[in-house]
Amino acid sequence: PGQQAAHDPAKKTVVVLGSGWAATSLLKKLDTEYFNVVVISPHNYFLFTPLLPSVSVGTLEPRSIIQPTRYITRHKKRRVEVYEGEARSVDVKNKTVTFVDNSDIKGAVSATTIPYDYLVYAVGAENQTFGIPGVREHSCFLKELPDAEKLRTRLMDCVETAAFKGQEDAEIDRLMHIMVVGGGPTGVEFAGELHDFLVDDLQSWYPELANRLKISLIEALPNVLPVFSKQLIQYTESTFKANKIDILTRTMVKEVKEKTVVVQDESKQLKEIPYGMLVWAAGNTSRQITRDLMAQLPDVQNQRRGLLVDEYLRLLGGDGVFALGDCTATSYAPTAQVASQQGAYIARALEQMAKKEQLEKTLHSLRASSNSKPEEIEAVVKQINKVSKIKPFHYSHQGSLAYIGSEKAVADLPFFNGNLATGGVATFLFWRSAYISNLLSARNRFLVLNDWMKVKLFGRDVSRE
Ligand code: FAD
Ligand code: NAD
């Protein structure tokens, strides 16, 4: 309501690809007064990824941690065009984006190409499988909302199948063996949540099966959570040990079969381990559209890890393109913290660029007019100099937090120029309050608090949808 018409031919067009951390942070900050803004994403919502592991075991409901992108854009000064679509290609030479409607229901038009003046490229990354056979076919992932919903359903399917009348012992053990591959924060948080589900719910609803549930965490490196401090790694490993989560470090997955996984241990021995559900959390790789974009710029884009940008987040070789978040290869970790700070930075940079352009136009007409006073011209020149000074992107690290189960969390917090490494129940309460205060809207806060209370009072819902 009250928003002006979307497209103004006198203004430049910013096309934003994605509705994740980087894109959403940009949209929140961007002053739409200066630009026509178009957002394209296959999901018409923002997903609060830090709480995604909680959805996979039913601690939180899926809709509690998402927010429609239109909730943000509707408050903007000028109307923002939001399209649910998947960008298929970017033409950096002609400055266009082609996108398609990849949802089930399609209209007469389901593909189109639009021009941009500036492109904010924030499509994130996809799951890294290293081409290991069987991973795509037989694993579950934990990256997007449908992944967590599928995990929850599969988990209950394993439990119910294990409870099926006459099920044999060895088969029960297989079905109740949940393997998590990847000891990064995603794998660790999922294993922790799964342990809570076992203790809080499985023991009351399936007492005959609860002690058969086995959780194994496989990690190729010598320890889990490599980015955390040594003390917190030890704390996590001892908490997992107490919670009977088996950690297999220095162990590489070589192949995933339908019911077993082939691993290679430290002594290069191959072992085949039966499992009921396997969760693949082995990190990120570039999306196809990103690889295609790199292929257009082979001289400058030669990093498989992601897009190369300069210190102002400008895509190397791409005029008018800014790349941010997980799709880039920088010295920063692929985290929500980095992506959201980059989004806010680009919003400010774009605003400065637009202001500069406006001032240059004013200067041009002042210089062309015989009535202009020199002080007037000088004042405008000063303003131009001011807005021309765009500083390089600077990341400010607020700390790392991870939930490890049984109401414990670990936190590496950069305080007073030193580091505070903390673990335990107080850290867990801090983890909860940090996430609650970070959740985008009052509506999300309400829903998450409500879910936490519901689980405390009634336990998790074990129905299989
Ligand atoms: P994303 O947030 O992934 O957003 C990418 C967007 O692009 C999505 O909206 C997607 O739908 C869209 N998209 C995809 N393909 C296309 C296309 N072809 N065209 C247009 N749009 C497209 N980080 C932290 O700092 N703290 C945490 O606690 C934390 N917890 C996490 C927990 C989990 C389970 C996971 C998976 C990640 C977690 N992360 C955390 C990492 C964090 O989520 C990512 O670093 C962050 O999402 C990166 O932001 P992004 O905007 O680059 O990508
Ligand atoms: P990651 O890249 O951090 O960890 C993946 C792990 O899988 C690595 O330790 C790797 O050694 C291991 N691995 C890879 N292939 C393997 C194989 N074949 N066999 C055994 N192990 C294998 O991935 P992630 O945990 O998904 O995290 C991705 C990004 O998101 C990171 O930057 C992380 O910091 C961020 N994140 C942060 C949080 C948090 O702060 N709470 C939570 C989740 C994710």
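What comes next is a walk through the structure. (Residues numbered from 1 in each chain as written. Chains lettered and ligands numbered in written order. Predicted model: local features only at pLDDT ≥ 70, side-chain atom pairs only at ≥ 80, totals over all residues. Heavy atoms only, no water.)

As summarised here, the arrangement of the three strands in space is β14-β15-β16, forming an open sheet in which the pairing is antiparallel. Whereas interior strands pair on both sides, the edge strands pair on one side only; in this sheet they are β14 (252–256) and β16 (270–274). Shown here is a sheet whose adjacent strand axes are inclined to one another by a mean of 30 degrees, direction ignored. (Pairing = 2+ DSSP bridges. Helix = DSSP H or I, 4+ residues; strand = E, 2+ residues; numbered from the N terminus. Axes fitted to C-alpha atoms, helices over the stretch in contact; angles between N-to-C directions.)

So, about the packing of helix α11 (residues 336–368) against helix α12 (residues 374–388). Where α11 meets α12, the closest approach of the two axes is 9 Å, and the angle between their N-to-C directions is 160 degrees. As judged from the angle between their axes, α11 and α12 are roughly antiparallel. As for how α11 packs across α12, the hand of that crossing is left-handed. Along its contact with α11, which presents Q352, K355, K356, L359, E360, T362, L363, L366 and R367, the element α12 presents E376, I377, V380, V381, Q383, I384, K386, V387 and S388. Tallied by class, the residues present in the contact of α11 with α12 amount to eight nonpolar, four polar and six charged. (Parallel < 35°, antiparallel > 145°, perpendicular 65-115°, else oblique. Left-handed = near helix turned anticlockwise from the far one by under 90°. Contact = heavy atoms within 4.5 Å. Nonpolar A, V, L, I, M, F, W, Y, C, P; charged D, E, K, R; others polar.)

Along strand β12 (residues 214–218), four of the five residues are buried, which leaves the element largely enclosed by surrounding structure. Alignment of strand β11 (residues 177–181) against β12, held across five bridges, turns out to be parallel. Bridge pairing in β12 links V181 to I218. Strand direction decides the pairing type here: β12 and strand β13 (residues 245–248), joined by four bridges, are parallel. Across the sheet, residue I215 finds its bridge partner in β13, namely I245. (Buried < 20%, exposed > 50% of the residue type's maximum accessible area, 1.4 Å probe, protein only.)

Quick look at the environment of I215 now. When you line up the elements, I215 lands in strand β12. In sequence terms I215 and H177 are 38 residues apart; their C-alpha atoms lie 6.0 Å from each other. Apart from residues no more than four positions distant in its own chain, I215 is found in contact with I178, V180, A191, L194, H195, K244, I245 and D246.

Around ligand 2, a shell composed of 24 residues is seen, among which T186, E219, V253, P334 and L401 lie nearest. Contacts to ligand 2 include L401, whose backbone N or O atom sits 2.6 Å from a nitrogen atom. When ligand 2 sits alone it has 840 Å² of accessible area, and the protein chains cover 77% of it. Those elements giving two or more residues to the shell around ligand 2 turn out to be α7 (185–205), β14 and β20 (400–405). (Near = heavy atom within 4 Å. Polar contact = N/O pair within 3.5 Å; in protein donor to acceptor, adjacent residues only side chain to side chain. Areas by Shrake-Rupley, 256 points an atom, 1.4 Å probe, with all protein chains shown as cover.)

A word on the packing of aromatic side chains. Counting across every chain of the model gives 13 aromatic pairs. Ring centres of W431 and Y435 lie 5.0 Å apart, and the angle between their planes is 65 degrees; this geometry places the pair in the edge-to-face category. Of this pair, W431 and Y435 both sit in helix α13 (residues 425–438), four residues apart, which is roughly one turn of the helix. A relative accessible area of 10% means that Y435 is categorised as buried. Taken together, the ring pairs connect W21, F46, F48, Y403, F428, W431 and Y435 into an aromatic cluster. Above the plane of the ring of Y71 lies R74, whose end atom (NZ or CZ) is 4.9 Å from the centre. Here the guanidinium or amino end of R432 rests over the ring plane of W452, the centre of that ring lying 4.0 Å away. (Phe/Tyr/Trp six-rings, centres within 6.5 Å; stacked < 30°, edge-to-face > 60°. Lys NZ or Arg CZ within 6 Å of the ring centre and 35° of its normal.)

Another aspect to go through is the nonpolar core. Core analysis: the largest hydrophobic core is formed by 62 residues, its most contacted members being L51, I65, F190, L202 and M277. Each of two domains, domain 1 (12–125 + 286–349) and domain 2 (135–284 + 397–458), supplies a minimum of three residues to this core. Excluding anything up to four places from it in sequence, F190 contacts P53, S56, V57, L142, L151, I178, V180, M277 and V279. Grouped together as the second largest cluster of nonpolar side chains are 53 residues, V14, V39, A87 and Y345 included. (Core = buried A, V, L, I, M, F, W, Y, C linked by side-chain atoms within 4.5 Å. Domains from an automatic or database assignment.)

With that settled, consider the site of ligand 1. Around ligand 1 sit 28 residues, and of these S19, A22, T49, D326 and P334 come closest. The separation between an oxygen atom of ligand 1 and a polar side-chain atom of S41 is 3.4 Å. The backbone of P334 places a nitrogen or oxygen atom 2.9 Å from an oxygen atom of ligand 1. Going through the elements one at a time, α1 (21–29), β2 (35–41), β6 (86–91) and α11 are the ones with two or more residues in the shell around ligand 1. Ranked by residue count, the leading element in the shell around ligand 1 is α11, at three residues. In terms of residue class, the shell around ligand 1 is made up of 14 nonpolar, 11 polar and three charged. Among the domains, domain 1 (12–125 + 286–349) and domain 2 (135–284 + 397–458) are the pair contributing at least three residues each to the shell around ligand 1.

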